[in-house]
Amino acid sequence: MDVFAGRKRRREFKMILRVTELNKNLVKNIIKWDKRFLDLAEHISQWSKDPSTQVGAVIADKDNRIVSVGYNGFPKGVNDDEERYEDREQKYSLIVHAEINAILFAQKGLKNTTLYTWPLPPCERCAGFIIQSGLETVVSIDLFSDKEGKTTDRGYRWGESFEIAQKMFQESSVNMRIYEASVWQGL
């Protein structure tokens with residue numbers, strides 16, 4: 001099944017939020033905090049030593065307090081020399097994703113919290129951990145576009161994994177908000 005057969009298929013991943021006069025201020029507040037935590041996740045992603053894909057994650061509670069952060073990298077104490085990151089097969093078998101690191105580093109329960117990830121939405125491998133940990137919402141950036149609105153190859157490399165994760169989230173009632181990168185950049 002080709003999950004990338006044009007923009008129409010891609011739009012299925014977007015959450016539609018109806019903005020009315022009654023909820024306009026609430027929506028503005030949600031977007032304001034989404035922007036702050038996505039910016040922080042972008043900053044944290046720079047801590048990763050992975051030269052090809054640097055991912056950051058932030059978990060926040062209902063009061064917009066930071067609960068945990070994480071970035072992708074090798075487990076604590078495991079040699080993380082540059083050569084190991086260059087060997088893609090070895091890297092994939094050793095790396096701990098940002099989302100999982102953030103979940104593991106949390107010092108409290110994660111029920112009803114929100115996970116922010118940059119620059120990729122969670123994969124199916126992380127989705128199970130996210131669901132099991134009690135996270136309520138996932139906020140991320142569109143897989144298919146960069147900050148200038150240009151199409152990227154990330155969607156073609158990771159899209160099937162994201163589609164599986166999306167289905168897992170839908171089945172388990174985990175909410176998602178996905179921002180197109182160009183829209184997010186303009187907030």
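In every chain, residue numbers begin from 1 and rise along the written sequence. Only residues with pLDDT of at least 70 get local features here, since the model is predicted, and only at 80 or more are side-chain atom pairs given and counted; chain-wide, interface and lining totals rely on the full set of residues. Excluding hydrogens and water, the side-chain values take into account all heavy atoms of the structure.

1. Focus on unusual backbone geometry
Trans peptide bonds make up most of the peptide bonds, and negative phi angles are found at most residues other than glycine. Applied cut-off: Per the convention used, a helix needs a DSSP run of H or I reaching at least four residues, while a strand needs a run of E reaching at least two, with both numbered from the N terminus. Only protein chains enter the accessibility calculation, which uses a 1.4 Å probe. A residue is then buried if its area is under 20% of the maximum for its type, exposed if over 50%, and partly exposed in between.
A cis amide bond, omega -5 degrees, links Trp118 with the succeeding residue Pro119. Turning to its location among the elements, Pro119 is positioned in the loop between strand 3 (114–118) and helix 6 (124–133). Residues other than glycine seldom take positive phi values, yet Asn64 does so here, at roughly 60 degrees. In this fold, Asn64 is placed in the loop between strand 1 (56–60) and strand 2 (66–71). Although it is not a glycine, Ser173 adopts a positive phi angle of roughly 65 degrees. One can find Ser173 in the loop between helix 7 (154–172) and strand 5 (175–179). Taking relative accessible area as the criterion, Ser173 reaches 59% and is therefore assigned exposed.

2. Brief notes about the sheet that holds strand 2
Filter applied, for reference: Here, strands pair whenever DSSP counts at least two bridges between them. As a rule, the C-alpha atoms of each element are fitted with a line to give its axis, helices using only the stretch in contact, and angles between N-to-C directions run from 0 to 180 degrees. Throughout, a contact is declared for two residues whenever any of their heavy atoms are within 4.5 Å.
Taking strand neighbours across the sheet as the criterion, the five strands line up as 2-1-3-4-5 in an open arrangement whose pairing is mixed. Edge strands, defined here as strands with exactly one partner in the open sheet, are strand 2 and strand 5. Across the sheet, the axes of successive neighbouring strands diverge by a mean angle of 15 degrees, strand direction being ignored. The pairing of strand 3 with strand 4 (residues 137–141) spans three bridges and is classified as parallel. Bridge pairing links Leu115 to Val138 in strand 4. Its contacts with the sheet put helix 2 (residues 24–45) on strand 1, strand 2, strand 3, strand 4 and strand 5, and the angle it makes with strand 3 is roughly 50 degrees.

3. As for the environment of Val174
Mapping Val174 onto the fold places it in the loop between helix 7 and strand 5. Apart from residues lying up to four places away in sequence, Val174 is in contact with Ile131, Leu135, Glu136, Thr137, Val138 and Phe169.

4. A closer look at the packing of aromatic side chains
We apply this condition: Here the aromatic set is Phe, Tyr and Trp, taking the six-membered ring for Trp, and pairing holds for ring centres within 6.5 Å; pairs whose planes are under 30 degrees apart are stacked, those over 60 apart are edge-to-face, and all others are tilted.
One pass over the full model with this rule turns up four aromatic pairs. Taking 5.0 Å as the distance between ring centres and 40 degrees as the angle between the ring planes, the aromatic pair formed by Phe37 and Tyr116 counts as tilted. Note that Phe37 is positioned in helix 2 and Tyr116 in strand 3, a separation of 79 residues in sequence. You'll find Phe37 and Tyr116 in the same group, each marked buried. On the numbers, 4.3 Å between centres and 5 degrees between planes, the contact of Phe74 with Tyr85 is stacked. Linking Phe74 in the loop between strand 2 and helix 3 (82–86) with Tyr85 in helix 3, this pair joins segments that are 11 residues apart in sequence. Like Phe74, the residue Tyr85 is buried in the burial classification. Members of the aromatic cluster, each reached through a chain of ring pairs, are Trp33, Phe37 and Tyr116.

5. What to know about the packing of helix 5 (residues 98–105) against helix 6
Stated formally: Here is the rule for angles: anything less than 35 degrees is roughly parallel, anything more than 145 is roughly antiparallel, 65 through 115 is roughly perpendicular, and the remaining ranges are oblique. Put simply, a crossing is left-handed when the front helix is turned counterclockwise from the back one by less than a right angle, and right-handed when it is turned clockwise. For this classification, the nonpolar set comprises Ala, Val, Leu, Ile, Met, Phe, Trp, Tyr, Cys and Pro, the charged set comprises Asp, Glu, Lys and Arg, and every other residue, Gly included, is treated as polar.
Packing of helix 5 against helix 6 brings their axes to within 9 Å, and their N-to-C directions diverge by 30 degrees. Compared by their axis directions, helix 5 and helix 6 come out roughly parallel. Crossing of helix 5 over helix 6 shows left-handed handedness. Mapping the contact onto sequence places Glu99, Ile100 and Ile103 in helix 5 and Cys126, Phe129, Ile130 and Ser133 in helix 6. Split by residue class, the contact of helix 5 with helix 6 holds five nonpolar, one polar and one charged.

6. Looking at the nonpolar core
To keep it simple, the criterion reads: Nonpolar core, defined: a set of buried Ala, Val, Leu, Ile, Met, Phe, Trp, Tyr and Cys residues in which side-chain atoms within 4.5 Å join the residues together.
Ranked by size, the top nonpolar core spans 26 residues in total, and within it Ile59, Leu110, Leu115, Ile130, Leu135, Val138 and Phe169 carry the most contacts. Per-element accounting of this core gives the leading share, four residues, to helix 5. Those residues in contact with Leu135 that sit more than four places away from it in its chain are Ile59, Ile103, Leu110, Thr113, Thr114, Leu115, Ile130 and Val174. The next biggest cluster of nonpolar side chains, apart from the first, holds 12 residues, and it includes Phe37, Leu38, Val58 and Ala60.

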